[in-house]
Amino acid sequence: MGGKNQIQDIRPGSTFSNYAPQNENQKTAASNLRALAQSFVDNKALFAGGAAALSPSFGHVAKPSPFPDGMIIFLHGTSGTGKSHLIEAVINQLKDDAPEILPSIYFYRGKLHYPVLDGSDNMHLDYERKPIIVVDDLFADKQSLQQADSSDYKTLSTFLTMVYEKKCLAVMSSNFSLADELLPFLQRHDRIGRITSRVQELVGGRGFSVDTSGPDYRVKLAEDMQRSQKRNQMNPFASLKSP
């Protein structure tokens with residue numbers, strides 16, 4: 001079974017206005033994700049009238065996807081560089097400016113789960129048949145993709161097939177880069193090359209990959225708080241929050 005939709009767990013404080021990029025990589029990532037959020041707002045009419053639920057399996061006629069093709073928005077970078085913050089900022093902007101899109105989003109943070117199969121081996125969209133699927137921190141349970149095995153490949157390849165065939169938009173984040181780590185992992189198991197080719201199309205067509213690499217924001221925040229504590233240690237009423 002899959003995991004529960006965790007969209008209600010989005011942190012309200014994760015917004016574009018309070019994201020503090022530390023370098024050009026992060027500025028570009030923030031700009032791209034802000035543009036993505038605005039594109040949703042500009043096209044929110046496409047999600048009216050039942051586009052939120054696709055058909056349950058490949059063997060059924062699907063309700064039309066709001067997207068012309070499947071695509072992947074992929075964020076990668078080391079821990080503490082704002083990947084989760086930016087993804088949540090997109091959803092928080094939709095809460096304010098296009099709440100009608102929220103029922104079309106499946107948000108999941110944790111180990112990617114395998115979609116349920118029915119008796120005829122048709123794959124059900126175990127992600128609540130949503131056209132927008134957000135998977136934050138892909139392979140968070142791995143220190144290296146050398147630890148990933150054929151079971152991980154089967155799960156990921158099935159998910160990617162769903163995104164491709166159902167014309168879903170998948171927003172994904174990971175500590176592992178797409179070009180240097182994720183694609184080589186897929187290539188080790190993809191004997192035919194179909195999945196690898198589809199990923200390149202999903203990202204290189206209408207999708208994109210962004211790098212958030214840079215200083216760990218959480219480390220910087222802790223350093224700022226330490227400085228604030230030293231300045232305010234003689235004032236018991238002073239806030240210890242970062243200035």
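The structure displayed is predicted, hence computed values, not measured ones. (Residues numbered from 1 in each chain as written. Predicted model: local features only at pLDDT ≥ 70, side-chain atom pairs only at ≥ 80, totals over all residues. Heavy atoms only, no water.)

Asker: I'd like a description of the layout of surface pockets, backed by residues and values.
Answerer: Computed from the structure, the second largest pocket encloses a volume of approximately 250 Å³. Along the wall of the second largest pocket there are 15 residues; nearest its centre are S39, N43, F67, M71 and L169. Of all the secondary-structure elements, those providing two or more residues to the lining of the second largest pocket are helix 1 (24-42) and strand 1 (71-76). Here the lining of the second largest pocket gets four residues from one element, more than from any other, and that element is helix 1. Its residues assigned to classes, the lining of the second largest pocket shows twelve nonpolar, two polar and one charged. (1 Å grid on protein atoms, 1.4 Å probe; cavity = no way out; pocket = protein on both sides within 12 Å on 5 of 7 lines; lining within 4 Å. Points joined across faces, edges and corners; volume = space filled by probe spheres on them. Helix = DSSP H or I, 4+ residues; strand = E, 2+ residues; numbered from the N terminus. Nonpolar A, V, L, I, M, F, W, Y, C, P; charged D, E, K, R; others polar.)

Asker: So, the packing of aromatic side chains: which residues are in play, and what are the values?
Answerer: Taken as a whole and judged by the stated rule, the model has five aromatic pairs. Both rings, one in F40 and one in F47, keep their centres 6.5 Å apart while their planes meet at 70 degrees; by these two values the pair is edge-to-face. We classify F47 as buried; its relative accessible area is 7%. Chaining the aromatic ring pairs together yields one cluster made of F40, F47 and F67. (Phe/Tyr/Trp six-rings, centres within 6.5 Å; stacked < 30°, edge-to-face > 60°. Buried < 20%, exposed > 50% of the residue type's maximum accessible area, 1.4 Å probe, protein only.)

Asker: Give me the pairing of strand 4 (residues 169-174): which residues, what numbers.
Answerer: Of all six residues in strand 4, six are buried, a share of seventy percent or more. Burial along strand 4 is two-sided: L169, V171 and S173 and A170, M172 and S174, pointing in opposite directions, are all buried. In this structure, strand 1 lies alongside strand 4, joined through six bridges in parallel fashion. Counted as the bridge partner of F74 is M172 from strand 4. Bridge count between strand 3 (residues 132-138) and strand 4: five bridges; the pairing is parallel. The residue of strand 4 that forms the bridge with I133 is A170. (Pairing = 2+ DSSP bridges.)

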